[in-house]
Amino acid sequence: MTNQLYTDLTQIYDLMCADIDYQEQCNTAHRLFKLLGNGGNAYLDLACGTGPHVEHFLGLGFLAHGLDLNGAMLDRACMRCPKASFFEMDMSSFRFREQYDLVTCFLYSMHYCYPEENFRNALQNAFNALKPGGVLCFDTVDKSTIANDEGIKHHCIFEGANFEFQSRWAYPGQGDELSLFIDICRTYEGEQQFWHDQHRMLAVSVPEVQALLESIGFSVTVFERDFSRLIPWGSESGNVFIAAVKAS
Ligand SMILES: C[S@@+](CC[C@H](N)C(=O)[O-])C[C@H]1O[C@@H](n2cnc3c(N)ncnc32)[C@H](O)[C@@H]1O
């Protein structure tokens, strides 16, 4: 898969995500873990990127670990969280002897596991990596609700340069391929620099994800992807946050 953008833009990745409330995301996963989980403190974040969630869970007293395919992202994560451990691995194929109480995967990163066999393998690997009573939390988007619109835009100033970011989904209405487009424009002293990247991701529906998780052995609860409160999924919105529990 193409992962080059994350290597090229590691320096400004955190700027691109400046509007994300990581604390709120972590608080939601932590709250669900306290409600549904086994009370342990071993944490693993899949596709951890530069480590924002790992940092928060360290702060909550967890033994925190991160896994990512991209070494440049992990270098930043290591600098950010010297007390955590990081693994440069593909979540579709990782195997650990150690097990964890809480495993997360944020920012729709589970969809990077393409095709469906890889997606299934990632969920199975997460199941294997959990202790009894452990919880997997991740966000996902339903292919039937992709708006094919302009997506999310924001801008910021960094070291005197103006950065404009745009990320959007595109789904042709059939098939298993969802595209994520990321466009970045940096303007400095009148000169512009552009990055354009397309990521192939898996298009799935929420009921398909739920059925996959249950076939692996998880008990599944689906919530709206609203990190300000816990609301059971009403089956209309396509953005959800899933809590999947491995029986104790
Ligand atoms: C959009 S970033 C999200 C990073 C982080 N979860 C966050 O919320 O800021 C996606 C991350 O997924 C990683 N990634 C993509 N495919 C992966 C795979 N198969 N296994 C592990 N990491 C992967 C990329 O390297 C990148 O760091």
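The shown structure was predicted, so the numbers you read here are calculated from the model rather than taken from an experiment.

## Quick word on the environment of Gly190
Structurally, Gly190 can be placed in the loop between strand S8 (177-188) and strand S9 (191-202). Classification of Gly190 by relative accessible area gives exposed; the value is 70%. Sequence spacing of Gly190 and Ala161 is 29 residues, and the spatial spacing of their C-alpha atoms is 9.6 Å.

## Details of the sheet that holds strand S10 (residues 218-224)
The strands that make up a sheet are held in pairs by hydrogen bonds between backbone atoms, and each pair lies either parallel or antiparallel. Read from one edge to the other, the open sheet built from 7 strands follows the order S3-S2-S1-S4-S5-S11-S10, with strand pairing classed as mixed. Only two strands of the sheet have a single partner each, and these edge strands are strand S3 (85-88) and S10. When the angles between neighbouring strand axes are averaged without regard to direction, this sheet yields 15 degrees. Across 4 bridges, the pairing between strand S1 (residues 42-46) and strand S4 (residues 100-105) is parallel. Bridging across to S4, Tyr43 finds its partner in Leu102. Contacts from helix H5 (residues 71-80) reach strand S2 (63-68) and S3, with the element oriented near 175 degrees to S3.

## Some thoughts on the domain arrangement of the protein
Taken domain by domain, the protein holds domain 1 (4-143 + 203-246) and domain 2 (144-202). Relative placement of domain 1 and domain 2: their C-alpha centres are 22 Å apart. Every contact between the two is made by 24 residues of domain 1 and, on the other side, 23 residues of domain 2. For the domain 1 face of the interface with domain 2, the top three residues by lost area are Tyr114, Lys143 and Ala203, together amounting to 29%. Here domain 1 is connected to domain 2 by 0 salt bridges. Our count for the domain 1 to domain 2 interface comes out at 9 residue pairs in polar contact (both at pLDDT 80 or more). For the side of domain 1 that touches domain 2, the secondary structure elements donating two or more residues are helix H1 (4-8), helix H2 (10-16) and helix H6 (116-129). Per element, the largest residue contribution to the side of domain 1 that touches domain 2 is 3 residues, and it comes from H2. Among the residues forming the side of domain 1 that touches domain 2, the class breakdown is 16 nonpolar, 3 polar and 5 charged.

## What about unusual backbone geometry?
Here the amide bond leading from Tyr114 into Pro115 is cis, since omega sits at 0 degrees, within 30 degrees of zero. The phi dihedral of Asn148 is positive, around 50 degrees, even though this residue is not glycine. Position of Asn148 among the secondary structure elements: in the loop between strand S5 (130-141) and strand S6 (152-158). The exposure class assigned to Asn148 is partly exposed, which follows from its relative accessible area of 44%.

## Remarks on the pattern of salt bridges
The full count for this structure, using the stated rule, is 7 salt bridges. The salt bridge partner of Lys153 is Glu150, with a shortest N-O separation of 3.5 Å. Here Lys153 matches Glu150 in class, with each residue exposed. Between Arg229 and Asp226 there is a salt bridge, and its shortest N-O distance comes to 2.9 Å.

## Some remarks on the site of the ligand
In the region of the ligand, 22 residues are neighbours, and Tyr22, Ala47, Asp68, Asp90 and Met91 sit closest. Note that a nitrogen atom of the ligand is positioned 2.7 Å from one of the backbone N or O atoms of Ala47. Surface burial for the ligand is 97%, taken as the share of its 600 Å² of free accessible area covered by protein chains. At the level of elements, helix H4 (52-59) and S2 are the ones that each hand at least two residues to the shell around the ligand. Partitioned by chemical class, the residues of the shell around the ligand number 15 nonpolar, 5 polar and 2 charged.

Rules behind the numbers
Residues numbered from 1 in each chain as written. Predicted model: local features only at pLDDT ≥ 70, side-chain atom pairs only at ≥ 80, totals over all residues. Heavy atoms only, no water. Helix = DSSP H or I, 4+ residues; strand = E, 2+ residues; numbered from the N terminus. Buried < 20%, exposed > 50% of the residue type's maximum accessible area, 1.4 Å probe, protein only. Pairing = 2+ DSSP bridges. Axes fitted to C-alpha atoms, helices over the stretch in contact; angles between N-to-C directions. Contact = heavy atoms within 4.5 Å. Domains from an automatic or database assignment. Buried area = accessible area lost by both parts, 1.4 Å probe. Salt bridge = Lys/Arg side-chain N within 4 Å of Asp/Glu carboxyl O. Polar contact = N/O pair within 3.5 Å; in protein donor to acceptor, adjacent residues only side chain to side chain. Nonpolar A, V, L, I, M, F, W, Y, C, P; charged D, E, K, R; others polar. Near = heavy atom within 4 Å. Areas by Shrake-Rupley, 256 points an atom, 1.4 Å probe, with all protein chains shown as cover.

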